[in-house]
Amino acid sequence: MSQQPPRRHGTRKPYRRPKKDPVRILAFEALRAVDERDAYANLVLPPLLRKAREGGEFDARDAALATELVYGTLRRQGTYDAILDRCVDRPLREVDPPVLDVLTLGAHQLLGTRIPTHAAVSATVELARVVLGDGRAKFVNAVLRKVAADDLDGWLERVAPEYDDDPEEHLGIVHAHPRWVVSALWDALGGGRAGIEDLLAADNERPEVTLVARPGRATAEELLAAAGEEGAVPGRWSPYAVRLAEGGEPGALDAVREGRAGVQDEGSQLVALALANAPLEGPDRAWLDGCAGPGGKAALLGALAAQRGAALLASEKQPHRARLVARALDGNPGPYAVIAADGTRPAWRPGAFDRVLVDVPCTGLGALRRRPEARWRRRPEDLDGFAPLQRELLRQALAAVRVGGVVGYATCSPHPAETRAVVEDVLKGRGGPAAEAEWVDARPLMPGVPELGDGPDVQLWPHLHGTDAMYLALLRRTG
């Protein structure tokens, strides 16, 4: 029996084509879109997953893994950057962004999932061969082997300062939030270490999908029955909320496909309900949503208004977002209109409305569970950019409501500069004429919801209420 001659010293191994892993390639494509186009993962990922499923590349487990890889990598990016900085022989800013995306994706598999070490390294190196080339794949391999030398807790002991030496930096690295965000959230929350750690940890949890049954068009009971197999449970606070505790696909439900229900965080539902139920002096016929895009609150307000015989005007500055609002309101049983208009230059006469909601543009620091990349994208100076717009929108909202009517100022941010400071400045006339308005205590309008603070405004929290960190101030015009 003949034997193969021994391999000569220095003979190269035959070239092997890299294995294409559809799950990791898709995760990489999503991360690149977030990085290159400032896109949001919650907008980029669904069409990529849908295309992969329709093409027969993905099953449910593949989609779940891809989702975890994308969101987990984005949530923990700052922590992984601190670790990779110890494993790369040059500053991370000098590493090409596609290479850094692959490294961070690999770090998450090694430190944030149960994927075995050898599988995490080999799969990421194969991904690097496909999307970066063999040369840079060797670099990825060398770095990830250094990362794999310790687990997450071990790395955190090495890269995070002691809490007593620098509490904000410690919390920022351990819980993957920029230092300035930790500081801002801590100021808004108050209290000691336990509360802020609970909040930061909640920001890193994957939120449940929450549905809203639009009144008069669907019921929570209908959604519970239809989504029973998906582990559906009633909402905690809103009578119209249903939580898909096991994930689930909202688009599989008839009520969602038909627009009678939608996906909406329970905090957003509570804000709309509080405005709708605030006591009024006089008639209740005309409602305004002055910052209506993309349409979730407008659809709920429109359904509530229809039950009372009131009409809703939904206004959104951006035409493409106004089209989303129109789609959300399509089929509403009561009178409504959707317009593309700038709320700081009203297209309506003063005092025309009984109820007005302005859910103003903001940093979005209250929705970091859903948009994890926002924490790394936002900067402290963004607050100064939003401040004049937020104040002017509130001034114009107060001008739009009649005497005795109510305005709801809402924002998906707990940052003090975007919440009570805005309302107080407008009421006191800082930067413009003083508003003739008084506070309305919003707490009784969220019955059953605990830990709402001293009022009269309300701040919701992910770790206390299971919602986005929505803020609401209610004001009644007095003159």
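Residues numbered from 1 in each chain as written. Predicted model: local features only at pLDDT ≥ 70, side-chain atom pairs only at ≥ 80, totals over all residues. Heavy atoms only, no water.

Looking at the overall build of the protein
We apply this condition: Starting at the N terminus, helices and strands are each numbered in turn, a helix being any DSSP run of H or I of at least four residues and a strand any DSSP run of E of at least two. Each residue is placed in one exposure class: buried if its accessible area under a 1.4 Å probe, protein chains only, is under 20% of its type's maximum, exposed if it is over 50%, and partly exposed if it falls in between. Should any heavy atoms of two residues lie within 4.5 Å, those residues are considered in contact. Methods summary: accessible areas were calculated by the Shrake-Rupley approach with a probe of 1.4 Å, and residue burial reflects only the protein chains presented. Just so you know, the count uses Lys and Arg for positive and Asp and Glu for negative, and it drops His and the chain ends. For charged residues, the charge sits on one atom: NZ in Lys, CZ in Arg, CG in Asp, CD in Glu.
Looking only at helices and strands, the protein features 20 helices and twelve strands. Viewed in the frame of its principal axes, the protein has a C-alpha envelope of about 100 × 50 × 40 Å. In the protein, buried positions account for 53% of the 479 residues. Intrachain contacts of the protein at a sequence separation of at least 6 include 71% that bridge at least 24 residues. Accessible surface for the protein amounts to roughly 22000 Å². Of this, 49% is attributable to carbon and sulfur atoms. Once the 62 positive and 67 negative side-chain charges of the protein are each reduced to a mean point, those two points are 6 Å apart.

Here's the deal with the packing of aromatic side chains
Note the cut-off: When the centres of two rings from Phe, Tyr and Trp lie within 6.5 Å, Trp using its six-membered ring, the rings pair. Their planes under 30 degrees apart give stacked, over 60 give edge-to-face, and anything left gives tilted.
If you walk through the whole model with that rule in mind, you get two aromatic pairs. The interplanar angle of 85 degrees and the centroid separation of 6.2 Å between the aromatic rings of tryptophan 348 and phenylalanine 353 together place this pair among those described as edge-to-face. With a centroid separation of 6.3 Å and 70 degrees between ring planes, the pair formed by tyrosine 409 and tyrosine 471 is classed as edge-to-face. With tyrosine 409 in strand E9 (residues 401-411) and tyrosine 471 in strand E12 (residues 471-477), this residue pair connects regions lying 62 residues apart in the sequence.

With respect to the nonpolar core
Note that soluble globular proteins tend to have their nonpolar side chains buried in a common cluster. Condition: To qualify as a nonpolar core, a set must consist of buried Ala, Val, Leu, Ile, Met, Phe, Trp, Tyr and Cys residues joined through side-chain atoms within 4.5 Å.
The biggest cluster of nonpolar side chains holds 57 residues, and the ones touching the most others in it are Phe58, Val70, Leu111, Val140 and Val147. Ranked by the residues each element gives to this core, the list is headed by helix H1 (residues 22-37), at nine residues. Not counting chain neighbours up to four residues away, the residues in contact with valine 140 comprise Val99, Val102, Leu103, Thr124, Ala128 and Leu132. Leu275, Ala367, Leu445 and Met446 belong to the second-largest nonpolar core, a separate cluster that totals 38 residues.

Observations concerning the packing of helix H9 (residues 167-174) against helix H10 (residues 179-189)
The condition is simple: The axes are straight lines fitted to the C-alpha atoms, using for helices just the contacting stretch, and the angles between their N-to-C directions are given from 0 to 180°. Between 65 and 115 degrees an angle is taken as roughly perpendicular, under 35 as roughly parallel, over 145 as roughly antiparallel, and anywhere else as oblique. Crossing handedness follows the turn of the near helix against the far one: under a right angle anticlockwise gives a left-handed crossing, and clockwise gives a right-handed one.
The geometry of H9 relative to H10 is characterised by a closest axis approach of 8 Å and an angle of 110 degrees between their N-to-C directions. Our classification of the angle between H9 and H10 gives roughly perpendicular. Helix-helix and strand crossings are classified by hand; for H9 and H10 the assignment is right-handed. Listed contacts from H10 to Pro167, Glu168, Glu169, Leu171 and Gly172 of H9 are Arg179, Val182, Ser183 and Trp186.

Considering H10
Considered for burial, the residues of H10 that qualify are Trp180, Val181, Val182, Ala184, Leu185 and Trp186. Looking at the packing, one finds that the buried side of H10 touches H9, helix H11 (193-203), helix H17 (374-377) and helix H18 (382-400). Following H10 by one or two positions, glycine 190 adopts a phi angle in the positive range, close to 75 degrees.

Observations concerning the pattern of salt bridges
Defined as follows: Salt bridges are defined as contacts in which a side-chain nitrogen from Lys or Arg sits within 4 Å of a carboxyl oxygen from Asp or Glu.
Scanning all chains against the criterion turns up 37 salt bridges. When the shortest N-O distance is used, the salt bridge between aspartate 134 and arginine 129 registers 2.8 Å. Taking the shortest distance from any N to any O, the salt bridge between arginine 179 and glutamate 169 comes out at 3.5 Å. Of this pair, arginine 179 sits in helix H10 while glutamate 169 sits in helix H9, placing them ten residues apart in sequence. What you see here is one network of salt bridges that share partners, running through Arg32, Asp35, Glu36 and Asp101.

A closer look at the sheet that holds strand E4 (residues 261-263)
Pairing between the strands of a sheet comes from backbone hydrogen bonds, and it takes one of two forms, parallel or antiparallel. To keep it simple, the criterion reads: The rule for pairing is simple: two strands pair if DSSP sees at least two bridges between them.
The sheet built from four strands is open, its strands ordered E2-E3-E1-E4 with antiparallel pairing. In this open sheet, the two edge strands, each paired with only one partner strand, are strand E2 (232-234) and E4. Going across the sheet, the axis of each strand differs from the next one's by a mean of 30 degrees, ignoring polarity. Where helix H14 (residues 266-277) meets the sheet, it contacts strand E1 (209-213) and strand E3 (241-244), and its direction lies at approximately 30 degrees from that of E1.

Overview of a negative patch on the surface
Short version of the rule: The patches reported here contain residues having more than 30% relative accessible area and no salt bridge. Joining distances are 9 Å for like charges and 5 Å for nonpolar side chains (Val, Leu, Ile, Met, Phe, Trp, Tyr).
Residues Asp151, Asp153, Glu157, Glu162, Asp164 and Asp165 make up a contiguous surface patch of negative charge. By secondary structure assignment, the location of glutamate 162 is in the loop between helix H8 (152-159) and H9.

Let's talk about the pairing of E12
The buried fraction of E12 is high, at six of seven residues. In terms of strand pairing, E9 meets E12 through six bridges, oriented antiparallel. Across the sheet, valine 407 pairs through a bridge with leucine 475, a residue of E12. Direction of pairing for strand E10 (residues 437-440) relative to E12: antiparallel, over a ladder of four bridges. Across the sheet, tryptophan 439 pairs through a bridge with leucine 475, a residue of E12. Summarising the sheet, strand E11 (residues 458-459) and E12 pair through two bridges and their orientation is antiparallel. Paired with glutamine 459 across the strands is tyrosine 471, a residue of E12.

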